[in-house]
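Each chain, written out:
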Amino acid sequence: MDLRYTPDEVAFGDELRAWLREVLPTVGPRPPMDNFEARRVYDTAWQRMLFDAGYAGINWPKQFGGRGASPAEQLIFLEETERAGAPYVGLNFVGQLHAGPTLIAEASPEQQAAHLPSILRGDEIWCQGFSEPGAGSDLASLRTRGVRDGDVYVVSGQKIWTSNAQVADFCELLVRTDPDAPKHRGISWLILPMTLPGIEIRPLRTIAGSNEFSEVFFDDVRVPVANRVGAENDGWRVAMVTFSFERGTAFVSEMIQSQVLLADLAELARKLPKGGGSALDDGGVRRELGRLAADLDALTALTKRNISQAARDGVPGVGGSVFKLYYSEVRARMGDLGMRLLDRAALSFDDVGGLATSEHVLGRIHALSITIAAGTSQIQRNIVGERILGLPKER
Ligand SMILES: Cc1cc2nc3c(=O)[nH]c(=O)nc-3n(C[C@H](O)[C@H](O)[C@H](O)COP(=O)(O)OP(=O)(O)OC[C@H]3O[C@@H](n4cnc5c(N)ncnc54)[C@H](O)[C@@H]3O)c2cc1C
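Here, residues in each chain are numbered from 1, in the same order as that chain's written sequence. For this predicted model, a pLDDT threshold of at least 70 governs which residues receive local features, and a threshold of 80 or more governs which side-chain atom pairs are given and counted, while totals over whole chains, interfaces and linings are taken from all residues. Where side-chain values are given, they derive from all heavy atoms of the structure, hydrogens and water being excluded.

A.B. asks: Let's hear about the packing of helix H2 (residues 36–52) against helix H5 (residues 109–121): which residues, and what values?
C.D. replies: One way to put it is that H2 packs onto H5 with a least axis distance of 7 Å and a crossing angle of 100 degrees. Here H2 is positioned roughly perpendicular relative to H5, judged by the angle of their axes. Here Thr 44, Gln 47, Arg 48 and Phe 51 of H2 come into contact with H5, specifically with Ile 119, Leu 120 and Arg 121. Three classes are used: nonpolar for Ala, Val, Leu, Ile, Met, Phe, Trp, Tyr, Cys and Pro, charged for Asp, Glu, Lys and Arg, and polar for all others, with Gly counted as polar. Counted by class, the contact of H2 with H5 contains three nonpolar, two polar and two charged residues. For helices, the fitted line uses only the C-alpha atoms of the stretch in contact; every axis is such a line through C-alpha atoms, and the angle between N-to-C directions lies from 0 to 180 degrees. Helical segments are the DSSP runs of H or I of at least four residues, strand segments are the runs of E of at least two, and each set is numbered from the N terminus. An angle below 35 degrees is treated as roughly parallel, one above 145 as roughly antiparallel, one from 65 to 115 as roughly perpendicular, and anything else as oblique. In what follows, residue pairs with any heavy atoms lying within 4.5 Å of each other are defined as contacts.

Here it is in structure tokens:
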């Protein structure tokens, strides 16, 4: 791609900035992270504002109600909204960033008509029901059953780590529909309405005290066969499409946020006293800040490549695994630098000494979770080794 912006792209950015200036003052403060009902109202209201202004589904094709923006416009959109402090995609994450795109690539016209406009308007929140207690990295071992009974699948079993299940309307659900087939071949991808009888959601508590994850139990839940995306037992292939979006492009706005966080870290170093001066006088600290800035620049270039590839091929390629792996390591190093700067203040979840220290402590824990979410770092290394470097397959 040409890395310079064209006059049209510059005009797109100008128009977007003007719109953000006008609407952001009307958007209230973000609700607390543990108030899921308030977050739902806030996040879906922002999604509706984007929809009404023609910015929803920025990279979705026009025929599915998106803006059909070019890769460059997509990046301008992410940069400008982040820079202006606009609300994050939040609870709309799964619907906007990987369930919706999977439906575009794989679903029937009826399924697309039933869900894509509602996702874009912010009327539907989605969650992801993939992981199980015995099936995380080895997802293909999943055991939740979907037994065919006429025109329904009777679903029974358990999912875990289901983010935001308590406010979701629909779930992208993987179930085993053929227990006798080889494990990758007996899986189907279903659209699960979360209101069906037989679903029980039990929130879990994380080390940071938050409760965004849940266990979800299914007791003979009757899901229409018409809700299956792709062919019966072809769900593994559909799930790989979901993962390519989840790893390839869904972390892009996070990465842009990281640039803001790095500037905050530099500011923190400037404010923290050290030996008559500030922590920023330490050559080691300055060097690590410089390295992190260079790494984020490199990741930005990789992002442009991945977005261009997704725009060209319809789905992101395996480069998403390279991005996700390296991004998670950069975030961990940013977190480590924050801990080093904070010293004993890093032991508290509260702000200490009149400085915004808690965001760096929580940021370090968040960095750890990024090395696990959407496939662990070890799994990404296996993918890079086998599919990019051509190393022998894991047995
Ligand atoms: C923030 C966050 C959000 C999440 N949201 C969701 C969600 O909404 N829906 C959902 O379904 N899941 C979700 N997950 C779950 C996530 O997908 C799993 O945690 C992840 O796939 C790892 O599975 P596991 O936890 O069972 O770990 P395990 O698979 O048990 O792995 C344990 C350790 O063994 C290593 N390991 C395993 N197999 C191999 C191998 N073959 N080679 C080398 N090392 C290996 C792993 O890398 C890891 O270090 C979320 C997780 C996080 C952290």
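A.B. asks: Let's hear about the site of the ligand: which residues, and what values?
C.D. replies: By nearness alone, 17 residues border the ligand, and Ser 131, Ser 137, Thr 376, Gln 378 and Glu 394 come closest of all. Pairing of N or O atoms within 3.5 Å defines a polar contact, subject to two protein rules: one partner must be a possible hydrogen donor and the other a possible acceptor, and residues neighboring in sequence count only if both atoms are side-chain atoms. In this structure, an oxygen atom belonging to the ligand sits 3.0 Å away from a main-chain N or O atom of Phe 130. Between the ligand and the protein, one listed contact pairs a nitrogen atom with a side-chain N or O atom of Asn 382 at 3.2 Å. With the chains in place, 66% of the 980 Å² that the ligand exposes on its own is no longer accessible. Secondary-structure elements contributing two or more residues to the shell around the ligand are strand S3 (152–163) and helix H11 (377–388). Residues belonging to the shell around the ligand are distributed by class as follows: six nonpolar, ten polar and one charged. The near set for a molecule or strand comprises every residue that places at least one heavy atom within 4 Å of it. Each accessible area value is a Shrake-Rupley result obtained with a 1.4 Å probe; residue values ignore everything except the protein chains displayed when judging cover.

A.B. asks: Break down the packing of helix H3 (residues 71–83) against helix H7 (residues 252–271) for me, with residues and values.
C.D. replies: The N-to-C vectors of H3 and H7 enclose an angle of 45 degrees; their axes lie 10 Å apart at closest approach. Taken together, the axes of H3 and H7 are oblique relative to one another. For the element pair H3 and H7, the recorded crossing hand is right-handed. Residues Leu 75, Leu 78, Glu 79 and Glu 82 of H3 form the contact with H7, whose own contacting residues are Val 252, Ser 253, Ile 256, Gln 257 and Val 260. Per-class residue counts for the contact of H3 with H7 are five nonpolar, two polar and two charged. Helix crossings are classified by the rotation of the near helix relative to the far one: an anticlockwise turn of less than a right angle makes the crossing left-handed, while a clockwise turn makes it right-handed.

A.B. asks: Can you tell me about the state of the cysteines, naming the residues and giving the values?
C.D. replies: Disulfides are defined as cysteine sulfur pairs within 2.5 Å. One pass over the structure, following the stated rule, counts zero disulfides. Cys 171 takes part in no disulfide bond, and the closest cysteine sulfur, belonging to Cys 127, lies 3.8 Å away. Judged by its relative accessible area of 2%, Cys 171 falls in the buried class. Burial here depends on accessible area, computed with a 1.4 Å probe over protein chains only, as a share of the maximum for the residue type. Under 20% is buried, over 50% is exposed, and the range in between is partly exposed.

A.B. asks: Could you give an account of the packing of aromatic side chains, with specific residues and numbers?
C.D. replies: For Phe, Tyr and Trp, rings pair up if their centres lie within 6.5 Å, where Trp contributes its six-membered ring, and each pair is then called stacked (planes under 30 degrees apart), edge-to-face (over 60) or tilted (otherwise). Using the criterion set out here, one finds eight aromatic pairs in the structure. Seen from their ring centres, Trp 19 and Trp 46 are 5.7 Å apart, and the 35 degrees between their planes marks the pair as tilted. Separated by 27 residues along the polypeptide, Trp 19 in helix H1 (residues 7–23) and Trp 46 in helix H2 bring together distant segments of the chain. With respect to class, Trp 19 is no different from Trp 46; both count as buried. Here the aromatic cluster, defined as three or more aromatic residues joined through ring pairs, consists of Phe 12, Trp 19, Trp 46, Tyr 55 and Phe 77. We call a charge positioned above a ring when the Lys NZ or Arg CZ atom is no farther than 6 Å from the ring centre and deviates by at most 35 degrees from the ring normal. Across the ring face of Phe 217, the terminal group of Arg 202 is positioned such that the distance to the ring centre comes to 4.0 Å.

Nothing here speaks to function; it is all geometry.
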